[in-house]
Amino acid sequence: MADAVDFEQHRAHLIGVGYRLTGSLADAEDAVQEAWLRLAARDGATRDGIRELRAWLTTVVARVCLDRLRSAAVRREHYVGPWLPEPLVTAPESDDPAAAVVRDEGIRMAAMVVLERLSPPQRVAFVLHEALAVPFAEIAAVLDCPEPTARQHAARARRIVAEADPPRRAPTAQQRAVLAAFADAVARADGKALVGLLHPDAVWVSDSGGRAKAARRAIVGADKVVRLLLGLLRTYGAELTAGWTAVEVNGELGFHIPATAAGPATVTVLSVSDGRIAAIYQVVNPDKLRRL
């Protein structure tokens, strides 16, 4: 029983590690469950050999996630259109482990998207060292490589992330103001107002996995994003935004639209920087919205 109590104290942390490594809450939960099974299978003597339970569990979850990442890399070669992480839709007052996870700055959608540019070893090395301060000797053990190689993986990952320079989480009040202005402009189909709300190089990424109608490539540029949005409004009218509900997605404000005659359910989050929308991430793939 004591083991179970101790384990539960680390569950939210482990879910966060697994999600940041894989971009999938289901994979994160599976990895955490595997860590529990491995802990429960140890006898008293081997359990006593665990000096720091949180660190031991973290490395177990990382090993499981590394295997998931490698198999996912193969599957995504055949994925239709852009791939986005499974959105974490939470309420601030929730006691669900996911609500604790999204408080981490690195869980915001823009940061998670950048992690997709990393190879599996780079991603593991970067998350473990930069986010969790895991020593390189332990990272090398997870990756089954020499310590200098683990350092190289982390260094390359840092360069990729630094070059991408994802915007940090904007203040909540600023997010609310931008979301409200965006919703108003969409309701009025006001193209000029929409262009004014977007950064010139704003990007719109839709993840459907081929399961629903959506752009198969990222749309780049404020004018192109607005043209696409206005075209959708002309085609579907008010149905496009029917039931629009503001929600928190990976710790930032966005909105959920339930399935209608106009199309499937969607979850969208706006990445706000300097009071304007830098990116719109829209998940349409129903497999990633099952928890809703």
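As the structure is a computational prediction, the values presented were derived from the model and not from experiment. (Residues numbered from 1 in each chain as written. Predicted model: local features only at pLDDT ≥ 70, side-chain atom pairs only at ≥ 80, totals over all residues. Heavy atoms only, no water.)

Caption draft 1: Molecular detail of the overall build of the chain. The number of helices and strands found in the chain is 13 helices and seven strands. Relative to the compact-globule value of 19 Å for 292 residues, the chain shows a C-alpha radius of gyration of 20 Å, a close match. Projected onto the principal axes, the alpha-carbon positions of the chain cover approximately 70 × 40 × 35 Å. Going through the 292 residues of the chain one by one, you find that 47% of them count as buried. Across the chain, every contact between residues at least 6 apart in sequence was considered, and the portion connecting residues at least 24 apart equals 63%. Split by element, the accessible area of the chain, about 14,100 Å² in all, is 52% carbon and sulfur. (Helix = DSSP H or I, 4+ residues; strand = E, 2+ residues; numbered from the N terminus. Rg over C-alpha atoms; globule rule 2.2 N^0.38 Å. Buried < 20%, exposed > 50% of the residue type's maximum accessible area, 1.4 Å probe, protein only. Contact = heavy atoms within 4.5 Å. Areas by Shrake-Rupley, 256 points an atom, 1.4 Å probe, with all protein chains shown as cover.)

Caption draft 2: Representation of the sheet that holds strand β2 (residues 198-207) in the model. Pairing in this open sheet of seven strands is mixed, and the strands run β1-β4-β5-β6-β7-β2-β3 from one edge to the other. The outermost strands of the open sheet, each flanked by one partner alone, are β1 (89-90) and β3 (219-220). One ladder, built from two bridges, connects β1 with strand β4 (residues 245-249); its direction is antiparallel. Paired with V89 across the strands is V249, a residue of β4. Across the face of the sheet, helix α11 (residues 172-187) comes into contact with β4, β5 (252-257), β6 (266-273) and β7 (276-283) while running at roughly 35° to β5. Lying over the sheet, helix α13 (residues 222-236) contacts β2, β3 and β7, oriented at roughly 50° with respect to β2. (Pairing = 2+ DSSP bridges. Axes fitted to C-alpha atoms, helices over the stretch in contact; angles between N-to-C directions.)

Caption draft 3: Layout of the side chain of T22. Positionally, T22 belongs in helix α2 (residues 11-22). A distance of 2.8 Å separates a polar side-chain atom of T22 from the backbone oxygen of G18. Excluding residues that lie within four positions of it along the chain, T22 makes contacts with D27, A28, C65, R68, L69, R76, W83, E116 and R123. (Polar contact = N/O pair within 3.5 Å; in protein donor to acceptor, adjacent residues only side chain to side chain.)

Caption draft 4: Inspection of the packing of aromatic side chains at higher detail. Scanning the entire structure with this criterion turns up four aromatic pairs. Ring geometry for F182 versus W244: centroids 6.3 Å apart, planes at 50°, classification tilted. A residue pair is termed long-range when its members are at least 10 positions apart, and F182 in helix α11 and W244 in the loop between α13 and β4 qualify at 62 residues. By relative accessible area, which is 6% here, F182 ends up buried. Ring centres of W244 and F255 lie 3.9 Å apart, and the angle between their planes is 20°; on these two criteria the pair is classed as stacked. Placement of W244 in the loop between α13 and β4 and of F255 in strand β5 is noted, with a sequence separation of 11 residues between them. (Phe/Tyr/Trp six-rings, centres within 6.5 Å; stacked < 30°, edge-to-face > 60°.)

Caption draft 5: Looking closely at the nonpolar core. Judged by nonpolar contacts, the single largest core of 47 residues is most densely connected at L57, V61, V124, I139 and L143. Those elements giving two or more residues to this core turn out to be α2, α3 (25-40), α5 (53-75), α7 (109-115), α8 (120-131), α9 (136-143) and α10 (147-164). For this core, the element with the highest residue contribution is α5, accounting for 10 residues. If sequence neighbours within four positions are ignored, V61 has contacts with L14, V17, G18, A31, V32 and A35. Formed by 25 residues, the second largest nonpolar core is a distinct cluster that contains A170, V178, V186 and L197. (Core = buried A, V, L, I, M, F, W, Y, C linked by side-chain atoms within 4.5 Å.)

Caption draft 6: Layout of the pattern of salt bridges. With the rule as written, the count across this model stands at 17 salt bridges. Note that D27 is salt-bridged to R68, the shortest N-O span being 2.8 Å. Of this pair, D27 sits in helix α3 while R68 sits in helix α5, placing them 41 residues apart in sequence. Bridged by salt links that share partners, the residues D27, D30 and R68 form one connected network. (Salt bridge = Lys/Arg side-chain N within 4 Å of Asp/Glu carboxyl O.)

Caption draft 7: A look at α2. For α2, with 12 residues, the first-to-last C-alpha span of 16 Å sits near the 16 Å given by 1.5 Å per residue. Burial runs high along α2: 10 of the 12 residues are buried. Among all positions of α2, only H13, L14, I15, G16, V17, G18, Y19, R20, L21 and T22 are buried. Phi turns positive one or two residues past the end of α2, at G23, with a value near 75°. (Expected span 1.5 Å × (residues − 1).)

Caption draft 8: Structural detail: the environment of H10. Mapping H10 onto the fold places it in the loop between α1 (2-9) and α2. For H10, a relative accessible area of 12% puts it in the buried group. Non-local contacts of H10, meaning those with residues more than four positions away in its chain, are made with L53, R54 and L57.

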